[in-house]
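Chain by chain, the residues run as shown.
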Amino acid sequence: MSTDPACFTWYELLTTDMAAATKFYGEVVGWTALPSTTSRVPYTLFKAGDSDAAGLLELPPEGLKVGARPRWMGYVGVSDVNAAADQTKRLGGVLYVPPTDANIGRIAVLADAHGALFALIAQPQVTVQRPADSARPGRFGWNELFSTDLQQEGTFYRELFNWEPDDTEDRFTNTYLTFLAGGHVVAGALKNSDPSPPFWLFYINVEDIDAAVERVGAAGGRAGYNDTELPGGMRIAYCSDPQGATFALQGKRTQKPQIGWTTEWQGFSSRGQLVAPKKK
């Protein structure tokens, strides 16, 4: 396996209604949409200003038949997709889409040894999101794995991507892990008390978390706050779009929430989907 740092470099939304998703994320995050002219299937680029932020495509019918639901997918950039896919299988993971050439480059879709879905993409063929970009509004700023067994998950990703725990962080390794790649923090893993299958959750930066949460509700989505304040005054809201795809928002709180949901986070279902907060 290559020792090049592996980190999340691209994100895609697979949905059952591309038009509705385009409208929703435009209203909530401020993304504009640009249809791709090179894709062999309908494909849309979400753009944050002049930068590509994510991709959008229809959930394939064959996926729906086997129970797949709308979701966000994170792609980890690697130097050799074939070798990383083979290593995933050796470590007990599952290969859902074998290495193939897609419109965004060479990719593969897999699940880790405990069931968390993720994807691979060839590093030279993707527009890599740089660390400076990840702090900008409208860009993905954090990647987090929810799992009941952090130690086994940590071992899997260490052996696959050479990720290492961040020993400088004041965290308990049985409740939270922070992963480093090439000396940079690239992801975290949170111990999930619910015995549901593990899943990856991706965080979008917003300037005003309260205003963004209000836009989620107004646009037909769901949102619940995690009331723990992060370093720098950042707050988190766990959300789902009208088609059920789960994501998170992170930003500073500048006003008292005025939405029709409680501010208490109600958790995730066994499918990794947001459980609707109770109305006031």
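Everything here concerns the structure above.
None of these values were measured; they are calculated from a predicted model. (Residues numbered from 1 in each chain as written. Predicted model: local features only at pLDDT ≥ 70, side-chain atom pairs only at ≥ 80, totals over all residues. Heavy atoms only, no water.)

A. Summary view of the overall build of the protein. Counting secondary structure elements, the protein contains five helices and 16 strands. Within the protein, counting contacts between residues at least 6 apart in sequence, those at least 24 apart form 63% of the total. (Helix = DSSP H or I, 4+ residues; strand = E, 2+ residues; numbered from the N terminus. Contact = heavy atoms within 4.5 Å.)

B. Fine view of unusual backbone geometry. The phi torsion at Asn162 lies on the positive side, around 65°, for a residue other than glycine. Here Asn162 shows up in the loop between helix H4 (150–161) and strand S10 (164–165). Using a relative accessible area of 37% as the deciding quantity, one classes Asn162 as partly exposed. (Buried < 20%, exposed > 50% of the residue type's maximum accessible area, 1.4 Å probe, protein only.)

C. Local environment of the environment of Leu14. Looking at where Leu14 falls in the secondary structure, it is placed in strand S1 (residues 7–15). Look at Leu14 and you get buried, because its relative accessible area is 15%. Once residues lying within four places of it in the same chain are set aside, the contact partners of Leu14 are Leu57, Leu59, Pro60, Pro70, Arg71 and Met73.

D. Structural detail: the sheet that holds strand S13 (residues 199–208). Strand order across the open sheet formed by eight strands is S10-S11-S12-S9-S13-S16-S15-S14, with mixed pairing between neighbours. Looking along the sheet, the strands with just one partner apiece sit at the ends: S10 and strand S14 (222–230). As paired elements, S10 and strand S11 (residues 176–181) share two bridges and run antiparallel to each other. Bridge assignment links Pro165 to a residue of S11, and that residue is Phe179. Contacts from H4 reach strand S9 (140–147), S10, S11, strand S12 (184–191) and S13, with the element oriented near 10° to S11. (Pairing = 2+ DSSP bridges. Axes fitted to C-alpha atoms, helices over the stretch in contact; angles between N-to-C directions.)

E. Layout of the side chain of Asp112. As for its position among the elements, Asp112 is in the loop between strand S7 (105–111) and strand S8 (117–122). Within the buried core, Asp112 has no salt-bridge partner, and the shortest N-O distance to an opposite charge, that of Arg71, equals 11 Å. For Asp112, the contacting residues outside a window of four places in its chain are Gly93, Phe118, Glu153, Phe156 and Tyr157. (Lys, Arg positive; Asp, Glu negative; His and termini not counted. Salt bridge = Lys/Arg side-chain N within 4 Å of Asp/Glu carboxyl O.)

F. Quick look at the sheet that holds strand S4 (residues 51–58). In spatial order, the strands read S2-S3-S4-S1-S5-S8-S7-S6; together these eight strands make up an open sheet with mixed pairing. What marks the edges here is a single partner per strand, and that holds for strand S2 (32–35) and strand S6 (94–102). Each strand axis lies, on average, 30° off the axis of its neighbour in the sheet, ignoring direction. When S2 meets strand S3 (residues 43–48), the two strands line up antiparallel, connected through four bridges. When the sheet's bridge partners are listed, Pro35 is paired in S3 with Thr44. Sitting on the sheet, helix H3 (residues 81–90) is in contact with strand S5 (71–78), S6, S7 and S8, with an inclination near 10° to S7. Where H4 meets the sheet, it contacts S5 and S8, and its direction lies at approximately 10° from that of S8.

G. Geometry of the nonpolar core. Within the largest apolar cluster, 57 residues are counted, with the highest numbers of intra-cluster contacts made by Tyr25, Trp31, Trp72 and Trp163. With near-sequence residues (within four places) excluded, Tyr25 lies in contact with Leu13, Gly30, Trp31, Phe46, Trp72, Asp241, Ala245 and Phe247. Ranked by size, the runner-up nonpolar core spans 15 residues in total, among them Trp10, Tyr43, Leu57 and Ile104. (Core = buried A, V, L, I, M, F, W, Y, C linked by side-chain atoms within 4.5 Å.)

H. Seen up close, the pairing of S1. Across the nine residues of S1, eight count as buried, placing the element largely inside the fold. In terms of strand pairing, S1 meets S4 through four bridges, oriented parallel. Residue Thr15 lies in a different strand from S4, and its bridge partner there is Glu58.

I. Main features of helix H1 (residues 18–29). Its twelve residues place the ends of H1 16 Å apart at the C-alpha level, agreeing with the 16 Å of an ideal helix rising 1.5 Å per residue. Of the positions making up H1, those classed as buried are Met18, Ala21, Phe24, Tyr25, Val28 and Val29. Along H1, the residues classed as buried sweep out an arc of 125° about the axis, all on the same side. Residues of H1 that are exposed and angled more than 90 degrees away from the buried face: Ala19 and Lys23. At the N-terminal boundary of H1, the capping side chain belongs to Asp17, with an oxygen 3.3 Å from the backbone nitrogen of Ala19. Gly30 lies just past H1 and shows a positive phi near 90°. (Expected span 1.5 Å × (residues − 1). Arc of directions from axis to C-beta. Polar contact = N/O pair within 3.5 Å; in protein donor to acceptor, adjacent residues only side chain to side chain.)

J. Quick peek at the pairing of strand S16 (residues 246–252). For S16, the tally of buried residues reaches six of seven residues, placing the bulk of the element in the interior. Note that S13 and S16 share four bridges and pair parallel. Bridge pairing links Asp208 to Lys252 in S16. Direction of pairing for strand S15 (residues 234–240) relative to S16: antiparallel, over a ladder of seven bridges. Looking across to S16, one finds that Met234 is bridged to Lys252.

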